[in-house]
Amino acid sequence: MRGNIAQLMQQAQKMQENLQRAQEELAQLEVTGNAGGGMVSVTISGRMECRKVRIDPSVLSDPEMAEDLIAAAFNDAVNKANAESQQRMGAATAGMPVPPGMKLPF
């Protein structure tokens, strides 16, 4: 039984290192969301920090449409960042049982 506990501790340490590396990679990651056929784009980091917003000048003539497109582009970027985060965190915990519904990182 001691061998199993030692092995579990070793696996947990490796998983923690993998999670930390994945979090560092996500901090450097940039994803771009688009809306209106590319008329608006929003670039965010893996930590959901806005890095860049690009708006085609033609959109600015209709402020309500511009607001909608900016929101849609931001949501597209967040969805892409979340998908990338789930993929990287899933790879970091590969082989370790993680209870269903548990959010990573802790």
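Higher on the page you've got the structure.
Calculation criteria
- Residues numbered from 1 in each chain as written.
- Predicted model: local features only at pLDDT ≥ 70, side-chain atom pairs only at ≥ 80, totals over all residues.
- Heavy atoms only, no water.
- Helix = DSSP H or I, 4+ residues; strand = E, 2+ residues; numbered from the N terminus.
- Buried < 20%, exposed > 50% of the residue type's maximum accessible area, 1.4 Å probe, protein only.
- Contact = heavy atoms within 4.5 Å.
- Areas by Shrake-Rupley, 256 points an atom, 1.4 Å probe, with all protein chains shown as cover.
- Pairing = 2+ DSSP bridges.
- Expected span 1.5 Å × (residues − 1).

Some details on the overall build of the protein chain
What the protein chain contains, in helices and strands, is two helices and three strands. When each of the 106 residues of the protein chain is scored for burial, the buried share is 27%. Counted over contacts in the protein chain with a minimum sequence separation of 6, partners at least 24 positions apart contribute 54%. Total accessible area on the protein chain stands at roughly 7300 Å², and carbon and sulfur atoms take up 53% of it.

Quick word on the pairing of strand β2 (residues 40-45)
Where burial is concerned, most of β2 is hidden: six out of the six residues are buried. Inspection of the sheet shows strand β1 (residues 30-35) paired to β2 by six bridges, in the antiparallel sense. Within the sheet, the bridge partner assigned to T32 lies in β2 and is T43. In this structure, the hairpin formed by β2 and strand β3 (residues 50-55) is closed by a connection of four residues, where M48 is found at a positive phi of approximately 65°.

Concerning helix α2 (residues 63-92)
Look at α2: 43 Å from first C-alpha to last across 30 residues, which is about the 44 Å you get at 1.5 Å a residue. Burial in α2 covers these residues: A66, L69, A73, A77, V78, A81, S85, M89 and A92.

In short, geometric facts, not functional conclusions.
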